Amino acid sequence: HLAILDLLGANKGAVAVTKIDAISPERRDEVVRAARETVRGTGLEGAEIFPLSAVTGEGVDALKTHLEEAASAFAAAPPRGRFRLAIDRVFTFAGAGLVVTGSVYSGRVAVGERLILSPTGTEARVRALHVHDREAEEAHQGERAALNLAGPGARRADIKRGDWLVHPAAHAPTRRIDARLQVLASEAKPLKHETPAHLHLGALEVPCRVAVLNGRQIAPGESDLVQILCDRLITAHTLDRLILRDQSARRTMAGGRIVDSFSPERGRARAPRLAQLAAMESEAHVEALAALLPLAPGGLDLSRFALARNLDAAESEALFADTDMIQAGAGGALAGMSKDHWQALTRNISEALANW
C-alpha cells in the first residue's frame, strides 16, 4: 500500500503507531524508528508520526487536530477544472431512485446541473446530493459525494464501478493513453514491451497492454514513456495518476501519470511524437503550452489541449490570453500558432501568390 501511495504521488500524510498502551516506552520508540525507516525514500518521508492508544486516549487528540488542520487547508484551495467524479458505487434507494457515490476529482457541481456519464455518453441530472453523508447544495473537488440522478442516463444497469460522472465539456472517452511510468524497484524483471497488465485509474480496473516507447523494456526502479492500450473505452485526462498491476491483477508492478490522454494510433514512438510528449510532461499548463507551440508548425489544437488537461472556460481563456501566440477560430475549433510559425506561414503564402 505504501508503494501504491508513492506511485500515486502522495506527499502529504501522517503515520499512526497504535496500541502503545500494550508495550513499553522503549518498544514504542523502537517502532517509531522503524516506521520512520519504512517511509524513507517515499513521498511520505518526513511525515509526522503519532503514537496513540484508543484505550487511554493518548495521542488521539493530537492526531485529530493534525487531520482537521490538513482538511481545512485542503478545503480552502479553490476547485480547479471541470467537474469529474470517479464512480465507485451505484445503487437504488427507496423513495429517491438511482444514487452513485465517489470521489470528486476536480471542479464542483450543484443540484439541478446536467452531467454526462462517461464513457457511455448518456446524460443525467443531479436531483439531490450528499457530501460526507450530509445533504448539500454543492459538491467540490476533494470531497466524497453521493448524487441522486434522474434523466435518460440514470439507469442502474448501464452504470458500473469505474465509470465517471463529468461536466459535458469534460467527456472525452479514449482507449489509448501515453504515460510516464515508474517501475517498482522491487520487481524481479524489467517491464517488457507489449506486456499485458491491469490498469487502475480512479475506481476503474481494466485489462490493457503496455507498449514501451523508448527501447524494449523498463528496468526495475527506472521510469520511461509508454503507451497504454485498453481493452475498452475509458475516461481519462492528462496528469491523472494510474497504477499498473500484473496480468492476474495480484501484484503491483508500476505506476505513473498520464502525459497525453489522446494518444495516436500510429507513429507513437517516432522522434517528433516523443518530442511532443517531452513538452507535455510539465504539470504547469503554461509551460506545456509554450513548449508545444514551437513543435506545431501547422498550429496547435487549443480546444483539444484544454480538454485533455480538463481546463474550464475561465482557466483556458486566461492561459491562452497570457501565451505569446496567434489564435484563430473559436469554441471547439480554436487553434494557436507561435509567432515564428505564423510569420513563416504568411511569408510562404505571399511568395506562392506572387509566383502564381
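Residues numbered from 1 in each chain as written. Predicted model: local features only at pLDDT ≥ 70, side-chain atom pairs only at ≥ 80, totals over all residues. Heavy atoms only, no water.

What exactly am I supposed to notice about unusual backbone geometry here?
Apart from glycine, the bulk of residues carry a negative phi angle, and the bulk of peptide bonds sit in the trans form. With an omega of 20°, the peptide bond running from S118 to P119 counts as cis. On the secondary structure map, P119 appears in the loop between β6 (114-118) and β7 (122-131). Of note, the phi angle at L239 is positive, near 85°, even though the residue is not glycine. Here L239 falls in the partly exposed class, since its relative accessible area comes to 23%. Residue N310 is not a glycine yet carries a positive backbone phi of 55°. Within the element layout of this structure, N310 appears in the loop between α6 (302-308) and α7 (313-322). For N310, a relative accessible area of 7% puts it in the buried group. (Helix = DSSP H or I, 4+ residues; strand = E, 2+ residues; numbered from the N terminus. Buried < 20%, exposed > 50% of the residue type's maximum accessible area, 1.4 Å probe, protein only.)

Just checking my understanding: could you explain a nonpolar patch on the surface for this structure?
Taken together, the side chains of W342, L345, I349 and L353 make up a nonpolar region of the molecular surface, amounting to roughly 370 Å² of accessible area. Structurally, the position occupied by I349 is in helix α8 (residues 339-355). Assessed through its relative accessible area of 44%, I349 is described here as partly exposed. (Patch = residues over 30% accessible without salt bridge, like charges linked within 9 Å, V, L, I, M, F, W, Y side chains within 5 Å. Areas by Shrake-Rupley, 256 points an atom, 1.4 Å probe, with all protein chains shown as cover. Salt bridge = Lys/Arg side-chain N within 4 Å of Asp/Glu carboxyl O.)

When you look at the nonpolar core in this model, what are you seeing that I'm missing?
Where a protein is soluble and globular, its nonpolar side chains tend to be buried together. Residues L199, I228, L242 and L244 are the most contacted members of the largest nonpolar core, which totals 24 residues. Counting residues per element, the ones that place at least two in this core are β12 (173-183), β14 (195-201), β15 (204-212), β17 (223-235), β18 (241-245) and β19 (252-260). A per-element tally of this core places β15 first, with five residues. For L244, the residues in contact, after removing those within four places along its chain, are L181, A197, H198, L199, C208, V210, I228, R251, T252, M253, A254 and G255. (Core = buried A, V, L, I, M, F, W, Y, C linked by side-chain atoms within 4.5 Å. Contact = heavy atoms within 4.5 Å.)

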